[in-house]
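Remarks on the overall topology
As a plain string of letters, each chain reads:
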Amino acid sequence: IHAVVLGSAINNDGSGKVNYLAPSVDGQASAIAEALDIAGLTADTISYVETHGTGTRLGDPIEISALTQAFRHTTDANQFCAIGSTKTNIGHLDTAAGVAGFVKTVQALKHQQLPPSLNFNAPNPMIDFEESPFYINNKLQAWPAGDEARRAGISSLGVGGTNAHIV
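In this text the structure is predicted, and so the values were computed from the model without any measurement. (Residues numbered from 1 in each chain as written. Predicted model: local features only at pLDDT ≥ 70, side-chain atom pairs only at ≥ 80, totals over all residues. Heavy atoms only, no water.)

**A closer look at the pairing of strand E3 (residues 81-84)**
Side chains of E3 alternate between two faces, with Cys81 and Ile83 and Ala82 and Gly84 buried alike. Sheet topology places strand E2 (residues 48-50) next to E3; three bridges connect them, and they run parallel. Across the sheet, residue Glu50 finds its bridge partner in E3, namely Gly84. Once the chain exits E2 it traverses helix H2 (residues 59-71) before rejoining the sheet at E3, and the crossover so formed is right-handed. As paired elements, E3 and strand E5 (residues 134-136) share three bridges and run parallel to each other. Among the inter-strand pairings, Cys81 is bridged to a residue of E5, identified as Phe134. (Buried < 20%, exposed > 50% of the residue type's maximum accessible area, 1.4 Å probe, protein only. Helix = DSSP H or I, 4+ residues; strand = E, 2+ residues; numbered from the N terminus. Pairing = 2+ DSSP bridges. Right-handed = clockwise from strand over helix to strand, strands pointing away.)

Next up, the structure:
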């Protein structure tokens, strides 16, 4: 056993989004918070999030805002949780993007290492990482368990407003 799914949630932004292709902060945050709640965990016990990570000017700030909103339900801590996206490793796999992120995260748990976000040079200027719980993991580093087990979240977001998150 390399990983255990403790909680998951899925929803759809419905009419809460600007248009069919535009994501919603509230919808994403709701799925993330619900997955954490189902898992019975607080956000400060999550040390890695595999983001959907579109790499777009609009999508990434919305995703980090949603993650921050969900994490702020249980913590005010900043920059304690690494983020990454498998898209920097293998590109966008369309409908298989979520499962690719899941496989990457399970491998990170198995090998006790956080994989780097490849080709990262500078953060999107529309994201204030210093005031968020997150930092971009840009180099391979050990993933120590510490007092808690290694825990991760994985987000997968679909066209039309479908939001999924597992812990």
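**A look at the side chain of Lys17**
Relative to the helices and strands, Lys17 resides in the loop between strand E1 (8-12) and helix H1 (25-39). There is no salt bridge for the buried Lys17, and the closest opposite charge comes from Asp13, which lies 5.8 Å off by N-O distance. Here Gly14 takes part through its backbone oxygen, which lies 2.7 Å from a polar atom of the side chain of Lys17. Non-local contacts of Lys17, meaning those with residues more than four positions away in its chain, are made with Asn12, Ala22, Ser24, Gly160 and Gly161. (Lys, Arg positive; Asp, Glu negative; His and termini not counted. Salt bridge = Lys/Arg side-chain N within 4 Å of Asp/Glu carboxyl O. Polar contact = N/O pair within 3.5 Å; in protein donor to acceptor, adjacent residues only side chain to side chain. Contact = heavy atoms within 4.5 Å.)

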